[in-house]
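# Observations on chain architecture
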2 protein chains.
Amino acid sequence: MIYLDNSSTTHFKPLCVKWACLQGLGKYSVNPHRSGNNIVTKAEEKVYECRELLAEYVGTTPDNVILTSGCTMSINIALNGTIKKDGHIITTVFEHNSVLRTLEHLHSTHNITYTTLEPNKNGQISTKDIINAIKPNTYMVIINHVSNVTGDTQNIDAIGKICKKNKLIFLVDGAQSIGHENIDMQKMNINMLTMSGHKGIFAPQGIGALLLNDVKVTPLIYGGTGTYSDKIKQPTDIPDGIESGTPNIVGILGMLAGLKYTIKKQKYINEKIKQLTAYTRDQLNNIKNLNLYSPINNAGIISFTIKGIDSSEVSNILDEKYHIATRSGLQCAPLIHKYLGTTKNGLTRVSLNQKNSKQQIDKLIYAIKEIIQDINKR
Amino acid sequence: MIYLDNSSTTHFKPLCVKWACLQGLGKYSVNPHRSGNNIVTKAEEKVYECRELLAEYVGTTPDNVILTSGCTMSINIALNGTIKKDGHIITTVFEHNSVLRTLEHLHSTHNITYTTLEPNKNGQISTKDIINAIKPNTYMVIINHVSNVTGDTQNIDAIGKICKKNKLIFLVDGAQSIGHENIDMQKMNINMLTMSGHKGIFAPQGIGALLLNDVKVTPLIYGGTGTYSDKIKQPTDIPDGIESGTPNIVGILGMLAGLKYTIKKQKYINEKIKQLTAYTRDQLNNIKNLNLYSPINNAGIISFTIKGIDSSEVSNILDEKYHIATRSGLQCAPLIHKYLGTTKNGLTRVSLNQKNSKQQIDKLIYAIKEIIQDINKR
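Residues numbered from 1 in each chain as written. Chains lettered and ligands numbered in written order. Predicted model: local features only at pLDDT ≥ 70, side-chain atom pairs only at ≥ 80, totals over all residues. Heavy atoms only, no water.

Moving on, we come to the interface of chain B and chain A. Counting residues at the interface gives 74 residues for chain B, matched by 74 residues for chain A. Broken down residue by residue, the surface that chain B buries against chain A is led by Arg-101, Tyr-222 and Ile-232 of chain B, which jointly contribute 15%. Our count for the contact surface shared by chain B and chain A stands at two salt bridges. The tally of links between chain B and chain A comes to 32 residue pairs in polar contact (both at pLDDT 80 or more). (Contact = heavy atoms within 4.5 Å. Buried area = accessible area lost by both parts, 1.4 Å probe. Salt bridge = Lys/Arg side-chain N within 4 Å of Asp/Glu carboxyl O. Polar contact = N/O pair within 3.5 Å; in protein donor to acceptor, adjacent residues only side chain to side chain.)

What follows is the structure in structure tokens.
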């Protein structure tokens, strides 16, 4: 199996991640922040180490790291936890359903309205459009850093400046950018950054984070925090009050190990994906009846359509006949497909990581060429 | 280290659980319900197998199994997802803060009121008290099946009958009962059962379930479901619409393996914990200046106080001097401590599993006797 669906989940997990997860099922299989014994203290140190490294990686402080079950949960906490009734949010057509469906829900419960900006012909959300969309009740800007559909990458730095100037909360959905793009929340004026562990930093599923900078959130999930246990009012301290329930020690250890691995290999990973993405794009560009929808990007995302065939059929043939795993359809981001005119047939998405090879891409290209030949014979 | 904190997290994880989690980081490290390739299909079969086995284990159907990040999340979904504005809920002083703090929150947002019933002298919530507490706007009864503080176990069958007769939604918090008590949701008229994987069924942290029977819930978390991806309105299908975000395949595989292990060893586990609990209670009962707060129970929970010393000091000495891990304080359940009069000093809780031994208990008893001797010398 040639696995080219890394922006869903990186199939490859480093040995250090596997080992860390096993320790979470062994040595560290306890409840941090609940009991007070020797192994719990050691587990707590590991949890704190994870907060520290994540914070350092994205330019915030450990006490601003809220550990969650993944990016979707992070987004739900971020949007609910800063809500302003009757307020307005500026966002983009690139957003994932984790943003759009939450906004739709908050529209019905809190009369939140939102504007979805379209990109210019270079796939960029223009800062001018953002400024023009600001209303008196606008309080937040939400930007998909790297599109999970096209790989289009936004200029977070420029948008952050506008948000700061206009006192808007700036939320960056980093689902596809973590591990691939340099992020400095303080320098870039990012107030909230959402991420999963299982994509760019090779952690297991079920773990992620909401990272804060100069903003507070209120709890979304209520329960035991290991603090103020005599009180039936939820504590609102950050991060404790936002992380109710037993910490996912297996996931936290896995994410810590995955992030260490990523940082150690960062240069190699970035370079390899960059080269392989360029190579894949070049090869696909030379194929007649194939439309490419992805610019050069650091996340290794390359989406395309083939004339006369549905994206899911392409993915199915690639899987069944050539044992190549890709992802088809709408990738949970309907508005960008509406914008691109690809709602009906979807896009076939190839997403790379550093473990993929030129040889694998050659096999993909060969397969696609055969698929197109077969269509022409129909 | 003698680990006696199994009702926080079972420290012991069977080899089959470790192996299953490794497969979630290897062979099955993909996104079920998102892409459509060969390995994804195999992962989806495993996810379905987990739903099937869980459903069978507690007497419901696979489509009524909502996979969550743990019992706290399950409770939050259950309470938010069935809410009736201005409604009234009957619950007990045994409840965990995951119930109490959520109810307090829903009181402030939806004017939910609730009655917390106290047990009789046998630790039982009387069905008469429940019937007497029913108001015209009562719509739900929430019962902690097995108290995480005392091990008191409620008569779910009898309470279920009352709920059915009075058309009240019956929610059972199974955090401490799963793996220890027989549960048949249909026979017992349980509408919602909440559980974690990491306690009685030896799964990793970060996975759990909300099990439904003859009731629907609305979503709490919004996002990608892999279904109706062209729609920015959240689908409300169960379970898909309630499980937004990438499934935690490591946790799901771990829970499936842990449940298989539990079922296979059920008789042995129950018998061993029963014997060891009885032995521990008997030994503790013979100690002067020690007050026992736990009845005989199948979950292996035994809590006590020692005259003249705070519970956290007892746990600290047990840890530091004797390398015995217990849990002290309020165990995230403040109202039962208020009822017992143990809020100030808390309880020291010992919680067993089948891997503990009589020899370990003898060491505990020896340690406790020494601690009491030392206090008397002060």
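Anyway, onward from the coordinates.
Right, let's talk about the relation of the copies chain B and chain A for a bit. Least-squares fitting of chain B to chain A yields an RMSD of 0.0 Å, with the transformation described by 0.0 Å of translation along the axis and a rotation of 180 degrees. In the structure described here, the two chain copies are related by an operation that fits a two-fold rotation axis. Looking at chain B, 100% of its interface residues are interface residues in chain A too, so the copies touch through the same face. (Least-squares fit on C-alpha atoms with pLDDT ≥ 70 in both.)

On to the domain arrangement of chain A, then. For an interface, size is often stated in terms of accessible area lost upon the parts coming together. Residue and element names in this part refer to chain A. Under the domain assignment, chain A is made up of domain 1 (2-8 + 266-377) and domain 2 (15-260). Here the C-alpha centroids of domain 1 and domain 2 sit 28 Å apart. Contact with domain 1, which involves 29 residues of that partner, is made by 26 residues of domain 2. Roughly 2,100 Å² of surface becomes buried between domain 1 and domain 2 when both sides are summed, with 55% attributable to carbon and sulfur atoms. (Domains from an automatic or database assignment.)

Our next topic: the nonpolar core. Counting 124 residues, the largest nonpolar core has Leu-54 of chain A together with Leu-54 of chain B as its most contacted members. Ignoring sequence-local partners within four residues, the contact set of Leu-54 of chain B consists of Val-65, Leu-67, Met-195, Ala-209, Leu-211, Met-255 and Leu-259 of chain B. One finds Met-140, Met-192, Leu-212 and Leu-220 of chain B within the second-largest nonpolar core, a separate group that totals 56 residues. (Core = buried A, V, L, I, M, F, W, Y, C linked by side-chain atoms within 4.5 Å. Buried < 20%, exposed > 50% of the residue type's maximum accessible area, 1.4 Å probe, protein only.)

Residues and elements named next belong to chain B. Reading across the sheet, the three strands line up as β9-β10-β12 and stay open at both edges, with antiparallel pairing between neighbours. Here the strands that pair on one side only, and so sit at the sheet edges, are β9 (290-292) and β12 (348-351). Geometrically, the sheet is characterised by an average inter-axis angle of 30 degrees between neighbouring strands, direction not taken into account. Packed on one face of the sheet, helix α7 (residues 249-285) meets β9 and β10 (301-306) and runs near 10 degrees to β10. Strand contacts of helix α8 (residues 311-322): β10 and β12, with the helix running at about 50 degrees to β12, the strand carrying the most contacts. (Pairing = 2+ DSSP bridges. Helix = DSSP H or I, 4+ residues; strand = E, 2+ residues; numbered from the N terminus. Axes fitted to C-alpha atoms, helices over the stretch in contact; angles between N-to-C directions.)

Attention now moves to the sheet that holds strand β10 (residues 301-306) of chain A. Residue and element names in this part refer to chain A. Taken together, three strands build an open sheet; the order of strands is β9-β10-β12 and the sheet is antiparallel. Each end of this open sheet is capped by a strand with a single partner; those strands are β9 (290-292) and β12 (348-351). Ignoring strand direction, the axes of neighbouring strands in this sheet form an average angle of 30 degrees. Bridge analysis of β10 against β12 gives four bridges, and the strand direction is antiparallel. What sits directly across from Ser-303, in β12, is Arg-349. In the packing of helix α8 (residues 311-322) onto the sheet, contacts are made with β10 and β12, and the angle to β12 comes to roughly 50 degrees. Running at roughly 15 degrees to β10, helix α10 (residues 358-377) makes contact with β9, β10 and β12 of the sheet.

Residues and elements named next belong to chain A. Inspection of the secondary structure assignment puts Gln-331 in the loop between β11 (324-325) and α9 (334-340). Overall, Gln-331 belongs to the buried group, its relative accessible area being 1%. Of the polar contacts made by the side chain of Gln-331, one reaches the side chain of His-337; its length is 2.9 Å. With sequence-adjacent residues up to four places away left out, Gln-331 is seen in contact with His-96, Asn-148, Val-149, His-337, Leu-347 and Arg-349.

Another aspect to go through is the packing of α7 of chain B against helix α10 (residues 358-377) of chain B. Packed helices, taken two at a time, are described by their axes: the angle between them and the distance between them. Residue and element names in this part refer to chain B. Contact geometry for α7 and α10: axes closest at 10 Å, N-to-C directions at 20 degrees. Between α7 and α10, the angle is such that the two are roughly parallel. The handedness of the crossing between α7 and α10 is right-handed. Packed against α7, whose contacting residues are Leu-276, Tyr-279, Thr-280, Gln-283 and Leu-284, the element α10 presents Lys-358, Ile-361, Asp-362, Leu-364, Ile-365 and Ile-368 at the interface. (Parallel < 35°, antiparallel > 145°, perpendicular 65-115°, else oblique. Left-handed = near helix turned anticlockwise from the far one by under 90°.)

Once that is clear, we can look at the pairing of strand β5 (residues 138-144) of chain B. All names here are of chain B. Across the seven residues that make up β5, a large majority, seven, are buried. Here β5 runs beside strand β6 (residues 169-173); their pairing, made up of five bridges, is parallel. Looking across to β6, one finds that Met-140 is bridged to Ile-169. Note that the unit made of β5, helix α6 (residues 156-165) and β6 has a crossover that is right-handed. (Right-handed = clockwise from strand over helix to strand, strands pointing away.)

Turning our attention to the side chain of Thr-342 of chain A. Residues and elements named next belong to chain A. Locating Thr-342 in the fold gives a position in the loop between α9 and β12. A polar contact of 2.8 Å, which involves the side chain of Thr-342, links it to the side chain of His-337. The contacts of Thr-342, once residues within four sequence positions are left out, are Tyr-293, Thr-305, Leu-330, His-337 and Leu-347.

Moving on to the confidence of the model for chain A. Interpreting fine coordinate detail is not advised for predicted regions of low pLDDT. Residues with a pLDDT of 70 or more make up 100% of chain A, whose mean pLDDT is 97. Model confidence for the complex: the whole-complex pTM is 0.97, and ipTM, which rates the interface, is 0.97. (pLDDT = per-residue confidence, 0-100.)

Moving on, we come to the environment of Lys-216 of chain A. Along the polypeptide, Lys-216 of chain A turns up in the loop between β8 (208-212) and α7 (249-285). Those residues in contact with Lys-216 of chain A that sit more than four places away from it in its chain are Gly-81, Thr-82 and Ile-238 of chain A.

Turning next to the pattern of salt bridges. Residue and element names in this part refer to chain B. Applying the stated criterion across every chain yields a total of 26 salt bridges over all chains. The shortest N-O distance in the salt bridge between Asp-86 and Lys-85 comes to 3.8 Å. Given a relative accessible area of 38%, Asp-86 falls into the partly exposed group. Given a relative accessible area of 57%, Lys-85 falls into the exposed group. Its salt-bridge partner being Lys-377, residue Asp-374 comes within 3.7 Å of it at the nearest N-O pair.

This next bit is on helix α1 (residues 15-24) of chain B. Residue and element names in this part refer to chain B. Turning to α1, its buried residues number three or more, namely Val-17, Ala-20, Cys-21, Gln-23 and Gly-24. Buried residues in α1, looked at end-on, bunch into an arc of 155 degrees, giving them a common side. Counted as exposed and oriented over 90 degrees from the buried face of α1: Leu-15 and Trp-19. Against α7 lie the buried residues of α1. (Arc of directions from axis to C-beta.)

Turning our eyes to something else, we now look at the state of the cysteines. All names here are of chain A. This structure, assessed with the given rule, holds zero disulfides over all chains. We note that Cys-71 lacks a disulfide partner, and the nearest cysteine sulfur, in Cys-332, lies 12 Å from it. Overall, Cys-71 belongs to the buried group, its relative accessible area being 7%. (Disulfide = S-S within 2.5 Å.)

Turning our eyes to something else, we now look at the packing of aromatic side chains. Considering all chains together, one arrives at six aromatic pairs over all chains under this definition. Summarising the aromatic geometry, the rings of Phe-12 of chain A and Phe-202 of chain A are spaced 5.8 Å apart at their centres and angled 75 degrees between planes, so their arrangement reads as edge-to-face. Here Phe-12 of chain A is found in the loop between β1 (2-3) and α1 (15-24), whereas its partner Phe-202 of chain A is found in the loop between β7 (192-196) and β8, with 190 residues between them in sequence. Aromatic side chains Phe-202 of chain B and Tyr-261 of chain B sit 5.4 Å apart centroid to centroid with 80 degrees between the ring planes, which places their arrangement in the edge-to-face category. Taken as a pair, Phe-202 of chain B in the loop between β7 (192-196) and β8 (208-212) and Tyr-261 of chain B in helix α7 lie far apart in primary sequence, 59 residues in all. An aromatic cluster of at least three residues, connected via ring pairs, comprises Phe-12, Phe-202 and Tyr-261 of chain A. (Phe/Tyr/Trp six-rings, centres within 6.5 Å; stacked < 30°, edge-to-face > 60°.)

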